[in-house]
Amino acid sequence: MQIEVKCSCGAENCPEWAIVELQGVVEVQPSHRDGIQNLEIGRLCRPSSDEKYTLTIGYHELSGTKVTLKKPLAVLKKVKRTDDGDDSSSKVELDVVGVIRHKILFKTRPKALISKPPEPAVKERASGTSSKN
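Quick caveat: nothing in here was measured; it's all calculated off a predicted structure.

Draft legend 1. Spotlight on the pattern of salt bridges. Overall, the coordinates contain 4 salt bridges when judged by the stated rule. K103 serves as the salt-bridge partner of E21, at 2.9 Å between the closest nitrogen and oxygen. Of this pair, E21 sits in strand 2 (residues 16-22) while K103 sits in strand 6 (residues 90-106), and the two are 82 residues apart along the sequence. Exposure remark for E21: the relative accessible area of 27% places this residue in the partly exposed category. Here E51 makes a salt bridge to K66, at a shortest N to O gap of 3.9 Å. You can see E51 sitting in the loop between strand 3 (43-45) and strand 4 (52-57) and its partner K66 sitting in strand 5 (residues 60-82), a full 15 residues away along the chain.

So this is what it looks like as C-alpha cells:
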C-alpha cells in the first residue's frame, strides 16, 4: 500500500510547532478524565527575548530552555480520499500540517510558588469635624 505525503503550504511556509518535554507525570483531575482535548494545564511564558521559558502549573513553576532537535519531525494529518466513480476504493494521503524543529525542555524540579496572604483591609476612620475652643 502506497501512502502519499503532501505539503499544501509549501516547503518553507509550513507552520512551526514545538514539543514541550516534561520530566515526571502530569495528572488529570477525575472530573476531566473523560475529555482532555483542549484542556489547559498551565501557562507557558518566555519572560525575555532569550531562549528561557517558564511553565506555571497550579502552584508549581518550571524553568526550561529551547533545544534544537537533531532531526526535524513532521506533523501529519491522515486524509482518506475516495475516487469519484468508485466508492469501494479509497486512497489514503498524509497532509503535512506543521514541522517540529525545536523542543522546550523542562528538566529541573518544579519550584513551589508560595504567595503572600492578602493584606488586611485598612479601615478608614470617619473623619468627624472637631472644633477646638
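Draft legend 2. Looking closely at the layout of surface pockets. Taken as a whole, the largest pocket spans an internal volume of roughly 280 Å³. Taken as a whole, the second largest pocket encloses approximately 180 Å³ of empty space. The wall of the second largest pocket is formed by V26, E27, V28, Q29, H32, L39, E40, I41 and I57. Of the residues in the lining of the second largest pocket, the class split is 5 nonpolar, 2 polar and 2 charged.

The rules behind the values
Residues numbered from 1 in each chain as written. Predicted model: local features only at pLDDT ≥ 70, side-chain atom pairs only at ≥ 80, totals over all residues. Heavy atoms only, no water. Salt bridge = Lys/Arg side-chain N within 4 Å of Asp/Glu carboxyl O. Helix = DSSP H or I, 4+ residues; strand = E, 2+ residues; numbered from the N terminus. Buried < 20%, exposed > 50% of the residue type's maximum accessible area, 1.4 Å probe, protein only. 1 Å grid on protein atoms, 1.4 Å probe; cavity = no way out; pocket = protein on both sides within 12 Å on 5 of 7 lines; lining within 4 Å. Points joined across faces, edges and corners; volume = space filled by probe spheres on them. Nonpolar A, V, L, I, M, F, W, Y, C, P; charged D, E, K, R; others polar.

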